Amino acid sequence: AAFAAAAAAASGDSGAWARPMASWARDGVGVSVDRPDAKVTRVLVGVRPEGLVATARALAAHRAAHLVAPRAGMRAMRPMPSDGSRRPRRDTDDATTSLSPRDLITGRRLSNADAISGLQGEELAGTSTDTPFWDAGITGAGQVIGVGDTGADRANCYLNGADKFVLVRTIQGFDDIDEDGHGTHVCGSVAGYSANSGADADGAAYDAQIAFTDFSNHTSGALLNFENMGEDFYEHARELGARIHSDSWGSNSLSYETDSQEVDAYATDYLDFLPMFAVGNAGPSEFTYINPANAKNALAIGATLSPDSSAVWPYDASYQYCDEECAQAGEWFSFLAQLKGEFGYEGLGVYALDIGGPEAAHWAHLSGEIRAISADTWLSEPASGVHTFDAAVAIVADPADACSELSNDVSGKVVIVFEADDDSCTEAEQAERIVAAGGVAIVMVGTDYSHDWEFPSYESSDLLPLGVYYVTPFLVPEDSYHGGEFSVSIPILGVPLKEGLLLAAIVIDEPDTTLSARLMDTTDTDSPRHENLAMFSSGGPTIDGRIKPDLVAPGDSIDSAVSADATYSAYYLSTMTGSGSCKTVKLQGTSMATPLAAGSIALLRQYFTDGFYPTGTKISGNELTPSAALLRAVAINGARSMKGFDQEGNPLDPPPSSRQGWGRLNLASSVRLVVDGVNNTAADTPSNMIAVDAWSGGKTTDLHYNTELEATGDERGYCLDVYGSTEELRVTLVYTDPESDTAGDGSLVNNLDLYLYHLETHDTERQLYPFGIMYLQGWQSVKRAIWSAPTTGQYFVKVHAESIAGSGNQSFALAITGQVTLREGVQTRESCVPFPPPPSPPPSPPPPPPS
């Protein structure tokens, strides 16, 4: 009562309340468990958001309060109307450019299996079947997946199996009836199964079981807060076998708060437990993720399109401009169209940069993936009207900003130049200087990771949660000082800082590297649809610079189970199919992508627990229990860079990216699988996968002699033999980092680094990773190296403890794929290097003189 009164007085909220919670303590958070008063009473205080700061201060000053930890109210992310069209579809005869209601997509209805096929390997070089993991008998059997949501209609035919649910739990006395429909749809996507004739919306892991917590307030429709994300939420599912937990909800906060901390703490305590969260539905801007998807040890999932999505909209069509009325209605956002419609920019387009030259084969995974935006015509207006250019040798300007006379010869070359400081020179002056020196094209690199663009039309629009600001990694070269007076005629393209730094490093490393540019069109990547991102999918990075989302999966137009207890709008009713207890409905959102991804990760886990590793076939005796870090490493290692745009034509930067994370989840490119329909000698399906798991718990055998890192400076090494160049050599390091203090920004506590070397001869080696300035990489608990067309021979992987805080050991996991084998027991570069050639024999003595 005292706390409630204090909250009401401080906030001016007469409805403020307080209720006691269970006693709790955790070593390192709150009070020490060794103290006699270790069991402390926790009180949950509820207050309106506008009174939060004043309430926190008042409670902190209360003599009975030892710790005040603000916790945002949670909400299920409302599914967006499933794949309706906001404007006339491009494949209709209606050419009007006026706004239209969201129309249903006509044509065939696609089931969950169509989205799932993209997760299992469809469209890869090396797969000729849609669901190779199901075909191999990897269907989720033996796996339990935790889910927390609004309820689950267990009478729906996809969820009515006698043993489908190992737990159905509610909190605060409410029932488990799903009056919202969100939870039923999520459960159907993660593990739904029906043997009914015509039922075709099974979940990703259809033989898995579900441990379910309904934490919705059936009176208000809101989601209730847990006393603790670990003991009061995850633990109930984990005790019944759940090692993966799928959650499609969160709060509109970018901060690393109590929930994020508790997620990280639980994952640190239970290293085989993997939390997964939807990243949010507030895209396309960066910095729009939700909490606790920003937890360090959680997989945050964004959404791609699915086979049943409508086409990707062109970025240069006049009807893509969204005026103030459109913006306030929350319709859409297309960056280039908005620049043209709101500010009058002309000549903008999206281009792909291709890398050539002696090292081109090694950068094949990056070539064509780097996107660039062309300059406004006030800065550059090529005679052709486009900013394409043929391959020419590339060079980094010296000085790098070209704000003074160039000291290197750029004649006939593509010049990489860094955006100038406003006090140094203008873009027009940079361009003039490079043209005068004979440069034939300019690649301009942004000097900030993110660029804020202000669009007054979007004031108070839900599409731009940061108010009028759209945040993007892309630089748009422009002349904002001279009004086009000094416009040049050579192509000028702007690239994000991350890609610009890497291009500069490539060019410096190999001076004969060439660059060329081609104009992109959204129809180039329109099929398959999953190569394009859903516009609504939220972006990172986190406040401390970590990549979010981690992965993306189909989340648009997903067909899954209906709750008979929910009330659906006319729109949703029109998307329903099936009858009786077997109805399904199409929804879209990262809420829909997350359970499909969680079910797919459960298949990866079954791959290990059923003994498919390392051969790709199920072998008795090979069963092992993977850590959560190993599951993350395997999934991220095999993730595919997306080829397209978001649905509104906004360009995507390649992984690691604030929109697509580390790429699109794809199981067949993540592990070796021997089954009909998978060719393990093809480029995209691994000949071999090497798993290293330093976690010691739960395995029947040790994975490759490993131990945890014990102190700063500690290292572990792995000697690799690469025997072919068809497949990329991929190496990914992941570790579970201890929880951070909520007073900070959620940055790493421990820092592990990954190194990859090619041991060319006994005396020479080449460092392949890190390469140049790997922007953002040092802030991640994930590091990934990709080297295309590796030369056959010896390679060495090193995991180095740059810093380990405190006295605890640090576990980690590695996933390595390619035409590669591990030389067991060889742990140093010195013992891994090729043997030197034997010395040449001494010359033969001269023949005796003639007698």
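Residues numbered from 1 in each chain as written. Predicted model: local features only at pLDDT ≥ 70, side-chain atom pairs only at ≥ 80, totals over all residues. Heavy atoms only, no water.

Turning to the pairing of strand β27 (residues 751–759), a few remarks are in order. In terms of residue burial, β27 counts as a mostly covered element, since nine of its nine residues are buried. Of the two faces of β27, the one lined by Asn-751, Asp-753, Tyr-755, Tyr-757 and Leu-759 and the one lined by Leu-752, Leu-754, Leu-756 and His-758 are each fully buried. Relative to strand β30 (residues 793–803), β27 is paired through nine bridges, and the arrangement is antiparallel. Along β30, the bridge assignment pairs Leu-759 with Gln-794. Note: β27 against strand β28 (residues 766–769), three bridges, orientation antiparallel. Residue pairing across strands places His-758 opposite Arg-766, the latter belonging to β28. Connecting the antiparallel pair β27 and β28 is a turn made up of six residues. (Buried < 20%, exposed > 50% of the residue type's maximum accessible area, 1.4 Å probe, protein only. Helix = DSSP H or I, 4+ residues; strand = E, 2+ residues; numbered from the N terminus. Pairing = 2+ DSSP bridges.)

Think of a disulfide as a covalent bridge from one cysteine sulfur atom to another cysteine sulfur atom. Enumeration according to the criterion identifies four disulfides in this entry. Cys-403 shares a disulfide with Cys-425; S-S distance 1.9 Å. Classification of the bridge connecting Cys-403 and Cys-425 rests on its S-S torsion, roughly -65 degrees, and on that basis the disulfide is left-handed. Taken together, the positions of Cys-403 in the loop between β14 (389–396) and β15 (414–418) and Cys-425 in the loop between β15 and α10 (427–436) put the pair 22 residues apart, joining distant regions of the chain. (Disulfide = S-S within 2.5 Å.)

Glancing now at empty space enclosed by the protein. For the structure shown, the criterion picks out five cavities of 30 Å³ or more. Approximately 60 Å³ is the volume found for the second largest cavity. If you go around the second largest cavity, the residues you meet are Lys-296, Arg-546, Ile-547, Lys-548, Asp-550, Arg-632, Trp-662, Gln-780, Ser-781 and Val-782. For the lining of the second largest cavity, a count of residues per class yields three nonpolar, two polar and five charged. (1 Å grid on protein atoms, 1.4 Å probe; cavity = no way out; pocket = protein on both sides within 12 Å on 5 of 7 lines; lining within 4 Å. Points joined across faces, edges and corners; volume = space filled by probe spheres on them. Nonpolar A, V, L, I, M, F, W, Y, C, P; charged D, E, K, R; others polar.)

In this structure the tally under the stated criterion is 23 salt bridges. Of the charged contacts, one joins Asp-176 and Arg-154 as a salt bridge, the two residues approaching to 2.4 Å between their closest N and O atoms. With Asp-176 in the loop between β6 (165–170) and α5 (182–191) and Arg-154 in the loop between β5 (144–149) and β6, this residue pair connects regions lying 22 residues apart in the sequence. Of the residues examined, Asp-176 reaches a relative accessible area of 18% and is grouped as buried. Linked through salt bridges whose partners overlap, the residues forming this network are Glu-359, Asp-509 and Arg-766. (Salt bridge = Lys/Arg side-chain N within 4 Å of Asp/Glu carboxyl O.)

Here we take up helix α13 (residues 590–609). For α13, spanning 20 residues, the distance from its first C-alpha to its last is 28 Å, which sits close to the expected 28 Å at 1.5 Å a residue. α13 sits mainly inside the fold: 20 of its 20 residues count as buried. Residue Gly-611 follows α13 closely and has a positive phi angle near 90 degrees. (Expected span 1.5 Å × (residues − 1).)

This structure, assessed with the given rule, holds 33 aromatic pairs. Between Tyr-266 and Phe-273 the ring centres are 5.1 Å apart and the planes differ by 80 degrees, which places this aromatic pair in the edge-to-face class. When its relative accessible area of 5% is taken as the criterion, Tyr-266 is described as buried. Each ring, one from Phe-333 and one from Tyr-458, has its centre 5.1 Å from the other, and the planes form 75 degrees; the classification is edge-to-face. With a gap of 125 residues between them, Phe-333 in the loop between α8 (324–328) and α9 (335–343) and Tyr-458 in the loop between β17 (451–454) and β18 (469–472) connect regions that are remote in the sequence. Residue Phe-333 is classed as buried on the basis of its relative accessible area, which comes to 0%. When its relative accessible area of 0% is taken as the criterion, Tyr-458 is described as buried. Counting every residue linked through ring pairs, the aromatic cluster contains Phe-215, Phe-226, Phe-233, Tyr-234, Trp-249, Tyr-266, Tyr-270, Phe-273 and Phe-277. A cation sits over an aromatic face here: Lys-798 above Tyr-755, 4.6 Å from the ring centre. For Arg-829, the ring lying beneath its charged end belongs to Tyr-757, and the centroid distance is 4.5 Å. (Phe/Tyr/Trp six-rings, centres within 6.5 Å; stacked < 30°, edge-to-face > 60°. Lys NZ or Arg CZ within 6 Å of the ring centre and 35° of its normal.)

Moving on to the sheet that holds β28. On the basis of which strands lie adjacent, the open sheet formed by five strands has the order β28-β27-β30-β25-β32 and antiparallel pairing. The open sheet has two edge strands, β28 and β32 (820–822), and neither has a second partner. Neighbour-to-neighbour, the strand axes of this sheet turn through a mean angle of 30 degrees, independent of strand direction. Note: strand β25 (residues 715–722) against β30, eight bridges, orientation antiparallel. Considered in β30, the bridge of Val-722 is made with Gly-793. (Axes fitted to C-alpha atoms, helices over the stretch in contact; angles between N-to-C directions.)

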